[in-house]
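One letter stands for each residue in the lines below.
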Amino acid sequence: VLTDIEVSSKQLRAMINLLQHRANWRVEGTPGRYSSHLGRRTAGVMVVWDERRFVMEEKRVILSGRLLRIKLQDIIVGDVLTLLAAYLPTRDKQDAVIESVWEQVESQVEDAEEAMLLIGDLNAELVDDVREGGRACTKADLCLQQLVDEYGYVDVGPGGPTFTRNSSSTRIDHVLADACVA
């Protein structure tokens, strides 16, 4: 899963065509959105998988540039897995904006009928990690912790810090698995 790809629909199509023609990869995505405040595109999500192993059963853009749901079936064993690929709002956004996007994530988790992975740049840390670093929790941190606590998700990677801010390492990129996957 690639996040914050900052590309237009045309650029995304070109990237998808290039990746799909150079290997046995299947690619789906949702382009970034133009921010007049920043004067450039932001956000965007792309999912890449080996089509020799997985076939897509369903694709749904939940929030343009932010949240993409892909249901894959393992061709060999027949298991179905739903990937919820995310690029969630940064911590400087208003709490109402952060909460509304996290509500969409929670809605997808509630509706899942099969194993699910939530993967991407969640722009949030688990509460214990925040407190261990001596910082105050943000709204996004609390939403992430609630999802983990309420639905039993386990953070299965990536290992180690994936984002550095002000000389303190923090993990905002996550691979969260439900009990079926973990």
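Owing to the predicted nature of the structure, the values given are computational and were not obtained by experimental measurement.

Another point: unusual backbone geometry. Located in the positive-phi region is Asn123, a residue other than glycine, with phi close to 50 degrees. Structurally, Asn123 can be placed in the loop between strand 9 (115–121) and helix 3 (127–132). Look at Asn123 and you get buried, because its relative accessible area is 7%.

One key point about sheets: their strands pair by backbone hydrogen bonds, in either a parallel or an antiparallel sense. The strand order across the open sheet formed by three strands is 1-5-2, and the pairing between neighbours is antiparallel. The open sheet terminates on both sides in strands that have one partner only, identified here as strand 1 (2–3) and strand 2 (25–30). Judged from the six bridges that link them, strand 2 and strand 5 (residues 45–50) form a sheet pairing that is antiparallel. Within the sheet, the bridge partner assigned to Thr30 lies in strand 5 and is Val45. Strands in contact with helix 1 (residues 9–22) are strand 2 and strand 5; relative to strand 2, the strand with the most contacts, it is inclined by about 170 degrees.

For the rest of this paragraph, the subject is the pattern of salt bridges. Taken as a whole and assessed by the stated rule, the structure comprises 11 salt bridges. For the salt bridge of Asp74 with Arg53, the shortest nitrogen-to-oxygen distance reads 2.8 Å. In this pair, Asp74 is assigned in strand 7 (residues 67–74) and Arg53 in the loop between strand 5 and strand 6 (54–63), connecting sequence segments 21 residues apart. We classify Asp74 as buried; its relative accessible area is 8%. Its relative accessible area of 33% is what places Arg53 among the partly exposed residues. Its salt-bridge partner being Glu58, residue Lys71 comes within 3.7 Å of it at the nearest N-O pair. In this pair, Lys71 is assigned in strand 7 and Glu58 in strand 6, connecting sequence segments 13 residues apart. Note on Lys71: relative accessible area 17%, which makes it buried. Exposure remark for Glu58: the relative accessible area of 26% places this residue in the partly exposed category.

Let us now look at helix 4 (residues 139–151). Here helix 4 contains 13 residues, and its C-alpha end-to-end distance of 18 Å stays within 8% of the 18 Å for a straight helix at 1.5 Å per residue. Within helix 4, burial applies to Ala140, Asp141, Cys143, Leu144, Gln145, Leu147 and Val148. Each element contacted by the buried residues of helix 4 is listed here: helix 2 (95–111), strand 9, helix 3 and strand 13 (173–177). Once helix 4 ends, the next one or two residues include Gly152, with phi positive near 70 degrees.

Criteria and thresholds
- Residues numbered from 1 in each chain as written.
- Predicted model: local features only at pLDDT ≥ 70, side-chain atom pairs only at ≥ 80, totals over all residues.
- Heavy atoms only, no water.
- Helix = DSSP H or I, 4+ residues; strand = E, 2+ residues; numbered from the N terminus.
- Buried < 20%, exposed > 50% of the residue type's maximum accessible area, 1.4 Å probe, protein only.
- Pairing = 2+ DSSP bridges.
- Contact = heavy atoms within 4.5 Å.
- Axes fitted to C-alpha atoms, helices over the stretch in contact; angles between N-to-C directions.
- Salt bridge = Lys/Arg side-chain N within 4 Å of Asp/Glu carboxyl O.
- Expected span 1.5 Å × (residues − 1).

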